[in-house]
Every structure is written in C-alpha cells, then in structure tokens.
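Architecture at a glance
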Amino acid sequence: MMAQTSTVARGGGNSSAPARRRSHRPPRRPSGLPNWAVPYVLLVPGLLVIAILLLYPLYQMVDMSFHKVGLRQIRPNPQPAEFLGMQNYSDVFSSDLFWTSLRNTVVFAVVTVALTLILGTLVGLLLNKLGRKMSTFLVVGIMAAWATPPTATAIIWKWLFDSDAGVVNWALNLLPDGLSTLVFGRSDWSGQPWLNAPSTIYVVLVIAVVWASFPFIAVSVLAGLKSIPSELYEAARVDGSTPAATFRKITFPLLKPVFSVLLVLSIIWDFKVFTQLYVLAGGTTNREAFNLSLWAYTEAFSAPPKMGFGAAIAVILTVIMLVITAVYVRQIVRTEADVR
Amino acid sequence: MKFGKIAATTATTAVLAIGVAACGGDSEPAKTDAPAASAAASGPKFAGQTLTVWRLGAPNDVQTKYMTDLDAKFKEQTGAEVNVQWIPWPDAQKKWTAALAGGEGPDVTEFGNDQVAAWVAQDALADITEITKSAPDFQQIPQNLWGYETIDGKIYAAPWGGGTRAVLYRKDWFDELGIQAPKTWDELVAAGKKIVEKKGKDVDGFAFNGGSDANMSLSPFVWSAGGDFAAFEGGKWVGKLTEPGFKEGFQFYTDLVAKDGVSGKGRLSQNSVDISQRFAAGKVGMYVTGGWDIATIKEQSKGKVGEDKMAFFSLPNKEGSGPAPAFQGGNDIAIWKDAKNPELAAEYLKLAAGKEFGTRYAKDGGLLPLYPDALAEYASDPVQAPFAETFKVAKGFPASPNWAEANDTKAVLQNAARAVIEGKKNVDTALADANTELETILNQQ
C-alpha cells in the first residue's frame with residue numbers, strides 16, 4: 001500500500017521489518033516439508049472453509065439459476081430439477097421489475113457511497129484535529145451507531161419518520177412556515193407519509209444506511225491520517241497552504257489507497273442492502289421499492305417459491321458487484337505499481 | 001454490523017445452499033409399519049415420542065389452555081408428548097417454505113383453508129383420505145365444508161373451524177361519541193370520520209389493510225357491489241377486476257384513505273396483525289378481522305382494551321339491505337408430508353378435529369364450529385351472531401393454486417391500491433393493469 005510505501009521511502013520503519021526478518025530466518029523445518037510448500041499447507045484450512053461456506057453455495061446458486069427449482073426440488077428426497085438453459089435470465093431481463101429494481105439498486109448505491117465517503121472523511125478529519133480524550137469519546141459514540149444491528153437501525157428510523165407520531169414531521173412542522181415553504185414548497189407536514197412512495201422510502205433508507213456506515217469510514221480515515229508524517233503538514237503550513245489545498249495536495253494523495261479500499265467495500269455493502277429496506281418498505285408488498293436483493297428474496301421465498309428465478313437475480317447482482325470490484329481492484333494494483 | 005448486513009443479504013444464497021445440502025443426508029427409508037399398528041392407540045404405545053404441532057396466530061390464555069388440555073388428553077391416549085409452536089399468520093407461508101426446504105418442519109400443522117391447494121401443489125401435505133373416511137366424527141361434518149380440502153378427489157386436511165370476517169370496533173368509543181353500528185357504506189365512512197375527528201389524526205377510524213392479507217379486507221366491498229376477482233371460464237382464468245362491481249368496491253376501499261381520510265396515508269402496507277397491534281394501542285376504531293383478535297388484543301393491551309370495549313358488526317352492503325359477503329375462511333388441520341411418525345400424527349389429527357376438541361377449538365378461537373348441532377347454538381349468541389349471519393353469504397377467493405402468488409407474493413391489488421391512493425394511476429388504469437397481471441399469474445403452469 002501506498003502509506004507503507006511512503007514509510008519505506010523515508011528509510012525504514014515498521015512495514016519493512018517483517019521482510020527483513022523473513023530473509024534472515026534461520027533454516028529450521030521440523031516438519032520436513034520443502035520450503036515452497038509451507039505457505040500452501042498453512043493456507044489449506046482457510047481455503048477449505050472458504051470453499052465449503054462460500055464457493056459451494058455460490059456454485060449451487062449458479063446451478064439453480066439454470067433450473068426450475070421449487071420446493072419439490074430441494075426438499076429431502078428431491079425430484080430432479082428441470083433444466084431451463086437461459087430462460088430464468090431472459091425472464092428476469094424481460095420483467096418490468098428488473099429495471100425498477102436495477103435503477104433503485106444503482107441509484108441508491110451511488111448516492112449512499114458518495115454521501116458515506118464524504119461524511120466519513122469529514123468526520124475523520126475532525127477526529128484527527130481533536131484532542132485525545134474528545135477524539136476517543138467521539139469514536140466510541142459513532143462506533144455505537146456502526147455496531148447497531150441493521151434491523152434495529154431500520155426500526156429506529158422507521159419510527160422517526162412515522163407519518164403521525166414521528167419526530168421528523170413534528171420537527172419539520174416547527175420550522176417557520178415561510179422558511180419551510182421556501183425550502184420544501186410546503187409548510188404543513190402533518191401526516192406526511194414517508195414510507196409509501198419509493199422515492200421517499202429511499203430517502204429514509206439513504207439516511208439510515210449513511211448513519212450506520214459513516215463511522216467505519218471515519219475511523220479508517222482517522223487511522224490513515226495518523227500514519228501521515230506530521231512534517232508534511234508542518235511544511236505545508238510554512239508555505240502558507242490553505243486547509244483545502246493541504247487536503248488536496250497531501251492528505252488525499254497519501255490516503256488514496258485507503259479511499260480505494262473503502263470505496264470498494266462501500267459499493268459492495270450498499271449494492272446489496274436488504275434488511276433496512278425490508279423493514280422500511282414494510283415487507284414485500286411494495287414492488288416499486290424493490291432493489292435486486294429484495295426482489296430476489298421475494299421471488300425465491302414467497303409462495304410459490306421460484307428459487308431458480310430468484311437465484312438468477314442473485315447471480316446478476318453478484319456479477320454486477322464482481323465487475324465493479326474487479327475494476328477497482330485493478331486500479332488499486334495499478335496505482336501501487338505506478339508508485340513503485 | 002457489516003457482517004450482519006452481509007449475512008442478511010446473502011441469505012438467499014445461504015438458505016438455498018442449506019436447503020440443497022440438507023437433501024443429502026435426510027433421505028429416510030420408508031417406515032415399515034410395526035405389527036402393532038393395527039392395535040388401537042389405547043395404551044401408551046408412543047411413549048417417549050414427541051409430536052411437533054404448529055399453531056397459527058398469537059397464543060393467548062384461552063388458546064394456551066385449550067392446547068394444554070388437548071395435549072394432556074393426547075398424552076393419555078398415546079403416551080406421546082406434544083411440542084406446540086405458535087407461528088404468526090403473516091409469517092406462515094415463509095415458515096412452511098423454510099420447513100419444506102430444510103426438512104425440519106412440523107408433524108401436524110394448522111392451515112388456512114384457502115392455502116391448502118397451493119401447498120398440496122408443493123407436495124407439502126399428506127393424503128388423509130383414508131383417515132377421514134375411518135373416523136366417525138368426521139362423517140358428521142357437512143360435505144360442503146370439505147371443498148377447500150379436497151383436491152382431485154383426495155382429502156389433504158380436516159376442517160377445524162369455520163371463519164369469516166366482520167368489523168371489530170371500539171364499543172366504548174361508539175358509545176361515547178354516540179355512533180350506531182353502521183348499516184350502510186355512508187354510515188361507515190361517517191363513523192370513521194367522527195372517530196378521526198374526536199380521537200386524533202393518528203387514529204384510523206376504519207383501518208385500511210394494504211399488507212399481505214389485504215384482500216380479506218377489500219373483498220367484502222367488491223363482493224357486495226356485485227364484483228369478483230376472477231372466474232374460471234372456458235378452461236382458463238378470466239380476470240374480473242375491470243367490471244363495474246369490482247371497480248365500485250375498489251374505489252370505495254381506496255377512497256377510505258385517499259378521499260375520506262378515515263385511515264392514515266402513512267400506513268398503506270399494514271396487515272391485519274399490524275392493525276390489531278395499533279388497535280390494542282388505542283389507535284384504531286374499526287377494522288376487518290376475525291373473532292380470534294379479541295383475546296389477543298385484550299392481552300396485548302394488558303387489559304386496557306378489554307372485552308367490554310370491543311364488539312363486532314357485520315360489514316353492511318352499500319345500501320344497507322344486509323351484510324356484505326365476507327371471505328369464507330376457516331382453519332384446517334393437516335399432516336405434514338415429512339412427518340416423522342405419520343401414524344402418531346393421524347391420531348393427533350383425529351383427536352384435535354374430532355367432535356369434542358374440534359368444537360372447542362372453534363369456540364375458544366372465536367371461530368364457527370363445523371359440527372351442525374354446535375353451530376345451531378351460535379345464532380342466539382350476541383358475540384357470534386354477526387359471524388354466523390355473515391357466514392351464510394360468505395364467498396371464497398379464486399380456487400387456483402396460483403392465487404397465493406397474486407394475493408401475497410406479487411401483491412397485485414395492494415400495489416394497484418397504492419398507485420391509486422398516491423394518485424399515480426386512476427382507478428381504471430390501475431385495475432386494467434392489475435387485471436392483466438392477475439390473469440397471467442392465475443393461468444401460469
């Protein structure tokens with residue numbers, strides 16, 4: 001990573017230490033394994049766990065997506081599943097719900113990832129400015145939001161946005177009428193339903209998800225900031241750099257690898273948000289509010305279960321995420337290569 | 001939290017995989033009947049065994065007592081223990097799905113009679129034709145009450161209690177505000193408006209159900225206006241949603257929220273369980289449900305909304321010439337096809353739905369008993385009279401195995417209603433679109 005690279009450039013430090021130790025390690029191999037085999041043997045347990053818990057289900061999902069799978073096909077003493085070829089996929093693509101779900105998924109991910117990263121970075125910068133005690137206090141506070149289970153998060157926000165008893169409508173009603181009309185074009189918020197129309201459901205969803213995920217970004221950014229040598233900032237100050245310029249010229253370039261990783265993780269998390277949407281949309285009756293995850297779930301598990309069809313949707317979602325992740329991982333690798 | 005998120009969102013994958021994985025080891029060889037099978041289950045023949053029974057709904061004191069008595073009697077007869085699990089109605093479909101997929105299900109389960117066809121199509125229920133023919137009690141249940149349970153000449157469930165829907169209302173509020181039980185649709189709206197006006201804007205005068213079981217609440221309005229959902233004509237299902245009768249009822253139902261404001265706009269996806277919880281919290285004046293909710297609400301409100309504050313009236317038809325036809329529901333008891341011991345399950349079924357416990361099941365659960373002499377007593381009971389009255393004109397939903405998909409999974413009419421209430425479509429467009437979709441779903445293979 002780049003942060004480490006910079007320490008290497010300064011002539012040593014923690015990150016280069018393990019490499020040196022490895023090269024000077026005395027040759028002792030009680031196991032008798034050839035040197036090259038040791039890492040592979042050590043990797044086997046981990047790989048096995050991944051294969052059983054991740055790769056096999058993934059394979060099953062892809063396999064199911066080519067078959068017509070209902071309950072008869074997966075219960076004990078299953079009947080053989082009928083092979084459909086690409087039919088599940090063509091059904092997915094020709095369904096009206098696919099396009100609304102895809103739009104909801106993508107728009108939500110783009111907005112939420114952007115907001116999470118911006119807010120997280122700003123809070124991270126703030127935490128770095130604070131003294132040790134205040135900073136610890138705040139970190140503990142925001143990590144509580146991050147540690148809240150998604151269901152609890154969603155229920156809390158659902159209550160806050162309740163049309164009649166919610167604190168949000170109450171607060172909006174407290175605004176001076178003129179201001180409220182100027183900003184929102186209305187002054188009466190009594191009974192405003194937030195969780196009917198997809199657009200407002202997603203407004204609440206974005207808020208709920210950003211609220212729960214920015215702390216992770218903030219703390220990661222804080223950790224990255226701590227690794228930037230203070231000499232750089234001192235030099236910037238001596239040269240009379242503005243805070244914005246300092247961020248653009250020093251902080252951002254040095255934290256770019258951190259941002260890349262956080263970006264990929266956020267995209268993956270936000271693309272497949274499920275729990276919060278399920279709770280906020282009030283189950284699976286509101287089809288216009290489906291994203292790909294909720295749609296796949298509904299098709300696969302509501303009577304009559306169409307698990308092959310649901311699996312096809314899940315495969316499409318997986319492929320979209322793999323493509324995005326692959327592009328970004330390549331970019332990260334390339335950036336690292338450039339630096340070297 | 002992230003792991004929670006990941007876990008939840010990959011649930012699809014994971015559950016599918018578990019389901020498939022579970023197939024490998026579970027293939028039990030068919031049990032050969034023990035020689036003793038012919039001996040009547042008089043002694044503790046099944047001592048040490050446990051039978052898993054799924055009951056639907058939320059348990060309350062009366063029902064818990066009923067189950068305790070039933071299970072004690074069962075133990076006396078067979079020696080087997082009973083493990084009762086309560087499944088909330090709206091979760092039932094998902095629980096059965098999971099049970100079928102995972103192979104870990106009940107031995108005996110309660111069932112909504114309109115759901116039997118769909119689950120027989122999924123191979124979930126055991127054929128009990130022989131059991132019903134050999135049980136003398138079951139011969140007393142009138143033949144026309146076995147309609148939902150008989151598929152291709154075979155019986156898959158025993159009717160347990162007859163149910164229909166009426167309107168549960170806050171009697172104390174009606175008395176306080178001087179409202180009479182509505183006799184026409186106009187009076188219904190007027191009563192709802194008065195409740196909202198006096199009890200606060202966050203109270204639903206007449207709660208709009210737009211959740212998973214919305215059609216229970218919508219159907220009386222469309223049926224009493226002369227409409228219906230679909231009819232089987234010329235070998236296929238033909239949607240009837242665009243006909244004037246259906247439109248009139250649907251329009252009235254959506255207007256409850258959109259025009260009359262007797263139900264809050266922010267609660268379009270609440271189902272009957274959500275509404276009953278709000279009722280228990282004093283936030284609902286009237287809603288369509290069955291008799292079983294009284295006991296549950298009393299318990300949930302910790303006695304604050306007691307029996308003296310609740311009563312039922314039959315939903316009237318538009319002009320007030322009689323009760324509107326309500327959903328002819330009812331609960332069944334069935335043997336799960338994967339039951340570990342089908343013989344023991346059969347004993348339970350015979351006991352539970354037999355005359356003694358079958359009648360008591362209906363009475364304790366706020367349902368109509370199916371044994372004719374017990375039902376006759378109901379006409380004079382003030383609490384049960386609205387149901388007995390409505391039961392005479394009750395109707396059913398389209399008897400297609402695919403109805404569950406239109407009703408619940410695709411939520412065709414719930415989405416149409418939402419589009420109308422939010423002003424995205426007019427009633428004609430919404431119903432035309434819904435009709436096309438309903439036909440596609442009902443006619444799929």
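Here is a short report on the structure shown in this document. These numbers come from a predicted model, not from an experiment. (Residues numbered from 1 in each chain as written. Chains lettered and ligands numbered in written order. Predicted model: local features only at pLDDT ≥ 70, side-chain atom pairs only at ≥ 80, totals over all residues. Heavy atoms only, no water.)

1. Re the overall build of chain B
Condition: Going along the chain from the N terminus, every DSSP run of H or I of four or more residues is numbered as a helix, and every run of E of two or more is numbered as a strand. Each residue's exposure class comes from its accessible area (1.4 Å probe, protein chains only) as a fraction of the maximum for that residue type: buried when under 20%, exposed when over 50%, partly exposed otherwise. When checking whether two residues touch, look at their non-hydrogen atoms; a contact exists if any pair is within 4.5 Å.
Across its full length, chain B carries 19 helices and 13 strands. Counting the 445 residues in chain B, one finds 57% classified as buried. Taking the contacts inside chain B whose residues are at least 6 apart along the sequence as the reference set, 75% of them involve residues at least 24 apart.

2. Describing the packing of aromatic side chains
All names here are of chain B. Under the convention used in this document: Think of it this way: a Phe, Tyr or Trp ring, Trp meaning its six-membered ring, pairs with another when their centres are within 6.5 Å, and the plane angle makes it stacked under 30 degrees, edge-to-face over 60, tilted otherwise.
Summed over the entire model, instances satisfying the criterion amount to 46 aromatic pairs over all chains. Their ring planes at 55 degrees and their centres at 5.5 Å tell us that Phe-279 and Tyr-287 sit as a pair that is tilted. Assigned by exposure class, Phe-279 and Tyr-287 land together as buried. Three or more aromatic residues joined by ring pairs make a cluster, and in this case those are Trp-223, Phe-229, Phe-246, Phe-250, Phe-327, Phe-397 and Trp-403.

3. A word on the interface of chain A and chain B
Under the convention used in this document: Computed with a 1.4 Å rolling probe, the buried area is the accessible surface lost when two parts are put together, summed over both parts. Salt bridge, as used here: a side-chain nitrogen of Lys or Arg that lies within 4 Å of a carboxyl oxygen of Asp or Glu.
Across the contact, 56 residues belong to chain A and 56 residues belong to chain B. Summed over both partners, the interface of chain A with chain B comes to about 4900 Å²; 57% of that surface belongs to carbon and sulfur atoms. Contact with chain B buries area across many residues of chain A, yet Arg-75, Thr-285 and Arg-287 of chain A alone supply 15% of it, more than any other trio. Counting across the interface, chain A meets chain B through five salt bridges.

4. As for the nonpolar core
Burial of nonpolar side chains together is a common tendency in soluble globular proteins. In plain terms, the rule: To form a nonpolar core, buried Ala, Val, Leu, Ile, Met, Phe, Trp, Tyr and Cys residues must be joined to one another through side-chain atoms within 4.5 Å.
Ranked by size, the top nonpolar core spans 87 residues in total, and within it Trp-295 of chain A together with Trp-119 and Leu-125 of chain B carry the most contacts. Discounting chain neighbours no more than four positions away, the residues touching Trp-295 of chain A are Val-92, Ser-95, Leu-97, Phe-98, Ser-101, Phe-290, Phe-309 and Ile-313 of chain A. Leu-218, Trp-223, Met-286 and Trp-403 of chain B belong to the second-largest nonpolar core, a separate cluster that totals 54 residues.

5. Focus: the pairing of strand β13 (residues 329-335) of chain B
All names here are of chain B. Heads up, the condition is: Two strands make a pair as long as DSSP finds a minimum of two bridges between them.
The element β13 is largely enclosed, with a buried count of seven among its seven residues. Going residue by residue along β13, you find Gly-329, Asn-331, Ile-333 and Ile-335 tucked away on one face and Gly-330, Asp-332 and Ala-334 tucked away on the opposite face as well. Relative to β13, strand β3 (residues 108-112) runs antiparallel, the two being bridged by five bridges. Paired with Glu-110 across the two strands is Ile-333, which belongs to β13.

6. Here we look at the sheet that holds β13 of chain B
Residue and element names in this part refer to chain B. Just so we agree on the cut-off: Working convention: axes come from line fits to C-alpha atoms, limited for helices to the stretch in contact. Angles between N-to-C directions cover 0 to 180 degrees.
The strand order across the open sheet built from five strands is β2-β1-β3-β13-β6, with neighbouring strands paired in mixed fashion. Pairing within the sheet leaves two strands with one partner each, and these edge strands are β2 (81-87) and β6 (158-163). Neighbour to neighbour, the strand axes of the sheet diverge by 20 degrees on average, direction disregarded. Taken strand by strand, helix α13 (residues 342-352) contacts β1 (50-56), β2, β3, β6 and β13, and its axis lies near 150 degrees from that of β13.

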